[in-house]
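# Analysis of the macromolecular model
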Amino acid sequence: MIRFLSKYGASQQKMVTFFFKNKDNSLTKVTTPIGQNLLQIAHKNEIDLEGACEQSLACSTCHVILPKQLYDKVPQPVPEEEDLLDLAYGLTETSRLGCQVKVDEKFENVVISLPKATRNFYVDGHKPKPH
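Residues numbered from 1 in each chain as written. Predicted model: local features only at pLDDT ≥ 70, side-chain atom pairs only at ≥ 80, totals over all residues. Heavy atoms only, no water.

Moving on: the pairing of strand 4 (residues 27-33). With seven bridges joining them, strand 3 (residues 15-21) and strand 4 adopt antiparallel strand pairing. By the bridge assignment for strand 4, Val16 is matched with Thr32. Counted along the chain from strand 3 to the antiparallel partner strand 4, the turn is five residues long, and its residue Asn25 has a positive phi close to 75°. (Pairing = 2+ DSSP bridges. Helix = DSSP H or I, 4+ residues; strand = E, 2+ residues; numbered from the N terminus.)

Written as structure tokens, this is what we have:
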């Protein structure tokens with residue numbers, strides 16, 4: 001087994017590499033252990049994904065857009081997530097909340113898109129930093 005030493009520390013976990021398509025359409029490549037959610041991964045890689053409620057399933061600021069082929073393979077959103085997605089800016093048929101989507105092998109070489117804006121009902125313009 002290959003050991004990785006990265007910002008996640010020494011690891012024998014399986015890793016996956018995929019891309020975030022940023023608001024300016026640039027791509028950011030990330031390699032991460034399987035099992036983390038998209039919001040955690042974005043914050044660890046300094047991707048501009050808000051997460052105003054700090055993963056408490058109380059906002060839609062970590063809205064991401066999955067490619068159709070991946071959306072159909074990940075677990076379906078719970079009703080609370082669906083309700084919050086109704087508030088998301090730029091909602092699509094494959095929208096999800098990044099805090100609710102855990103990465104696995106199916107994410108290899110996939111592009112996850114960020115919407116052009118978010119709706120932050122807590123404090124307009126506030127971008128919380130991970131602890």
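Residues Glu80, Glu82, Asp83 and Asp86 make up a contiguous surface patch of negative charge. Among the secondary structure elements, Glu80 is positioned in helix 3 (residues 79-85). (Patch = residues over 30% accessible without salt bridge, like charges linked within 9 Å, V, L, I, M, F, W, Y side chains within 5 Å. Areas by Shrake-Rupley, 256 points an atom, 1.4 Å probe, with all protein chains shown as cover. Salt bridge = Lys/Arg side-chain N within 4 Å of Asp/Glu carboxyl O. Lys, Arg positive; Asp, Glu negative; His and termini not counted. Charge placed at Lys NZ, Arg CZ, Asp CG, Glu CD.)

Our next topic: the packing of aromatic side chains. Here the structure, examined in full by the defined rule, presents two aromatic pairs. Every member of this aromatic cluster is reached through a ring pair, and the members are Phe18, Phe20 and Phe107. (Phe/Tyr/Trp six-rings, centres within 6.5 Å; stacked < 30°, edge-to-face > 60°.)

Let us look at the environment of Tyr71. With respect to the helices and strands, Tyr71 occurs in helix 2 (residues 68-71). For Tyr71, a relative accessible area of 14% corresponds to the buried category. Considering only alpha carbons, one finds Tyr71 and Ser95, 24 residues apart in sequence, at a separation of 8.3 Å. Among residues more than four places away in sequence, those in contact with Tyr71 are Leu66, Gln76, Pro77, Glu93, Thr94, Ser95 and Arg96. (Buried < 20%, exposed > 50% of the residue type's maximum accessible area, 1.4 Å probe, protein only. Contact = heavy atoms within 4.5 Å.)

Detailed reading of the predicted coordinates is not advisable wherever pLDDT falls low. Looking at the protein as a whole, the pLDDT averages 87, with 82% of positions reaching at least 70. Here residues 1-5 scores under 50 on pLDDT; set against residues more than four positions off or in separate chains, the count is 11 contacts. (pLDDT = per-residue confidence, 0-100.)

With that out of the way, let us pick up the nonpolar core. Phe18, Phe20, Leu38, Leu66, Phe107 and Ile112 are the most contacted members of the largest nonpolar core, which has 26 residues in total. If you list the elements that add at least two residues to this core, you get strand 3, helix 1 (38-44), helix 2 and helix 3. No other element matches helix 1, which puts four residues into this core. Beyond its immediate stretch of four places on either side in the chain, Ile112 contacts Phe18, Phe19, Phe20, Lys21, Leu38, Val64, Ile65, Leu66, Pro67, Leu70 and Phe107. (Core = buried A, V, L, I, M, F, W, Y, C linked by side-chain atoms within 4.5 Å.)

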